[in-house]
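Chains, contacts and geometry: an overview
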Amino acid sequence: MASISLTFPDGQSRQYDAGVTAAQVAQSIAPSLAKSAVSATLDGRHWDLQWPIEADGALAIKTLKDAEGLELIRHDLAHVMARAVQALWPDVKVTIGPVTETGWFYDFDRKEPFTPEDLGAIEAEMRRIIGAKDPIRTEVWDRARAIAHYEANGEPFKVELINRIPEGEPIRMYWHGDWQDLCRGPHLQNTGQLPGDAFRLMGVSGAYWFGDVNRPQLQRITGVAFRNRDELKAHLTMLEEAAKRDHRKLGREMELFHMQEEAPGMVFWHPNGWTLWRTLQDYMGRRLRRAGYKEIRTPQVLDRILWEKSGHWENYRENMFIVEVDEDGAKEKRINALKPMNCPCHVQVYNQGLKSYRDLPLRLAEFGACHRYESSGSMHGLMRVRGFTQDDAHIFCTEDQIGEECRAFIELLASVYEDLGFDGFEIKFSTRPEKRIGSDETWDKVEGALEAAIRATGRDFEVDPGEGAFYGPKLDFKLTDAIGRKWQCGTFQVDPNLPDRLGAEYVAEDGAKHRPYMLHRAILGSFERFLGILIENYAGKFPFWLAPRQIVVASIVSDADDYVREVTEALQAAGLRAEADTRNEKINYKVREHSVGKVPVILALGMKEVEGRTVSMRRLGEDGQKVMPLGEAIAQLAGEARAPDQRG
RNA sequence: GCCCCCAUAGCUCAGCUGGUAGAGCAGCUGAUUUGUAAUCAGAAGGUCGGCGGUUCAAGUCCGUCUGGGGGCACCA
């Protein structure tokens, strides 16, 4: 038998017979290692302990402590769950069950829906299987045998999966107990290696087979799993914490906004929420103005003729709100649409009057309200709505100017995200999709220009092939919030096509008319969504400059009410958002209520403050309070209330 | 749009196998003048999301519509 040489992580090598398994290797190193081993990596590839090793390579034995171990737990739990489901309902057909970021899911085909109560029964059966410590074994089958097997068992989805496995790849079968599944592996050694108390089934949902609406809809059961009970507990606690900062809940509690049946996907902003919005919009307005943008305002309702020209009528009509109007004396109804985006309007503004190359780059910005008829199932609080407002702008420029505009945009975006409290962001470069307009020559040119521009900034970016817009390549910017979630907000898109469709042009140095390029760009994306992200990022505890309610001035005794009103007015005169609370309640009650209401500063005033013309300042999240002269307090708070771009 | 789940007072939620609704908080009224996260008392508040159906009887069972939630699909 041939001999092979395996190299271990410590650099040492040993000789083995070809066909040796990683389990045997582990045993040869130490019996204790063989016992705790769950899998291995061979030349970096995740490798089952039972698979034979036929050639020289670098082998590392993995235990549950390794990242591979956690993946295996989740992977095997998917199989154990599938087995449990088929044990309980033998008629259920199994499909696929991959590992996710926090656990796994498995999609089943079954006529009757799984109920939440079924999940408990499935979990119990899973624990029984884990308790049985069934050994897991693997075999490689040839394609015909595997297909025949699943056809005989009435598992059409597995047959399809086998047919999708590329020629030359081994087709592997796994068993534990009398249950069998098709799987590329690797797996644990036995089901007893699974932590029976560190997983939980989270829910049932629908999911299309291979993500295709035209294929059967399956039932997806999802679970979360960790190495041990404490990690599971920590995860569940994290979910509870995330739920506490849910913008829908905070929006109601802090009286920021509401939505109602008569206007699904549209937001009613209340005074507090609108204050937050305006604070953000005013800030963005200043940043854009300073960056050379001109702010404009364009119509909401436009005749379909414009949408036909822009191409939207043809491609996105189902997603547009259509407005039919009976005009006096008209034979036909006039058909309009609420604008789903601002760009065609911005081209109309550009097109007024002849433009010279000296006018470029021309940056037109609009806090543009748009409406899109989003499908009912996609709406989600403020995060996905039908009526939204973008921090939209379009830069009309020459090809030579794309690079500099891109650089300046990224600088601006980075600075804005930092001001708003977000630490970092990722950049994604999306190239031409299959369904697109414009010539390959043009695509080559604009993709090249955009890539050169992003490279020149020296920032890291990922390429996402085929994910560009149909009219041009783009950069997407994804920020990370306080609890590690990522949100795609900013975008920078190069569009050589819309100026063409809508006839934008400029007179160049050569005296001839040329098409400008159009750069679509946004930093926040939609105000609605971004405010939702901000609310969750800060869990409602906004920095002072953003807080819709900045200061409550509360009386301790009613004899201090006049002074409370005087202080409140003085704060308001200094431009601060201050309210008086002279209700007949104890100071404990007022402090609690405004703390729960997430007001950053409470000034409590009793007779001592009246006599000394001082205030007792209490800050949200801090114990105790500071007494200081009124004038000092106003100066201090007015300083803090300045937006980041207005600080000296 | 599709699958599952949900809809009871302003908010959070009870209401077992059908017998025409209950709590806490908020709000209102009154008392209390209070020193940094809930003072006490009283009265009031709901065509149980809409529309149909089954039944002597529906918050409860069935159908349907609307909205919401968790996913899938979609996201110019």
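A brief structural summary. (Residues numbered from 1 in each chain as written. Chains lettered and ligands numbered in written order. Predicted model: local features only at pLDDT ≥ 70, side-chain atom pairs only at ≥ 80, totals over all residues. Heavy atoms only, no water.)

Digging into the protein's contact with RNA strand B
What surrounds RNA strand B is a group of 51 residues, the closest being Gln 217, Asn 584, Glu 609, Ser 616 and Arg 618. Each atom of RNA strand B within 4 Å of the protein belongs either to a base or to sugar and phosphate, the latter forming 47%. In this structure, a base oxygen belonging to RNA strand B sits 3.0 Å away from a main-chain N or O atom of Gly 206. The set of elements that each furnish at least two residues to the surface near RNA strand B consists of β13 (199-208), β14 (217-225), α8 (247-253), α11 (312-316), α18 (587-596), α19 (607-612) and β34 (614-619). Residue contributions to the surface near RNA strand B peak at 7 residues, all from α18. Taken together, the residues of the surface near RNA strand B break down into 20 nonpolar, 19 polar and 12 charged. (Near = heavy atom within 4 Å. Polar contact = N/O pair within 3.5 Å; in protein donor to acceptor, adjacent residues only side chain to side chain. Helix = DSSP H or I, 4+ residues; strand = E, 2+ residues; numbered from the N terminus. Nonpolar A, V, L, I, M, F, W, Y, C, P; charged D, E, K, R; others polar.)

Side note on the layout of surface pockets
Roughly 1,300 Å³ of internal volume is contained in the largest pocket. Along the wall of the largest pocket there are 44 residues; nearest its centre are Met 341, Arg 372, Phe 388, Gln 390 and Gln 493. Of all elements in the fold, only α11, β23 (387-397), β26 (474-480), β27 (486-495), α15 (498-501) and β30 (517-526) reach the threshold of two or more residues within the lining of the largest pocket. Take the lining of the largest pocket: its biggest share by element is 6 residues, from β27. Residue classes in the lining of the largest pocket are distributed as 16 nonpolar, 17 polar and 11 charged. Of the volumes computed, that of the second largest pocket is approximately 850 Å³. Considering the residues around the second largest pocket, the lining is formed by 30 residues, among which His 75, Leu 182, Cys 183, Arg 184 and Gly 185 are closest to the centre. Looking at which element gives the most residues to the lining of the second largest pocket, the answer is helix α3 (residues 67-88), with 4 residues. (1 Å grid on protein atoms, 1.4 Å probe; cavity = no way out; pocket = protein on both sides within 12 Å on 5 of 7 lines; lining within 4 Å. Points joined across faces, edges and corners; volume = space filled by probe spheres on them.)

As for the nonpolar core
With 64 residues, the main nonpolar core has Tyr 417, Leu 420, Leu 475 and Phe 530 as its most contacted residues. Residue contributions to this core peak at 8 residues, all from helix α13 (residues 402-419). Ranked by size, the runner-up nonpolar core spans 52 residues in total, among them Val 38, Leu 59, Leu 119 and Met 126. (Core = buried A, V, L, I, M, F, W, Y, C linked by side-chain atoms within 4.5 Å. Buried < 20%, exposed > 50% of the residue type's maximum accessible area, 1.4 Å probe, protein only.)

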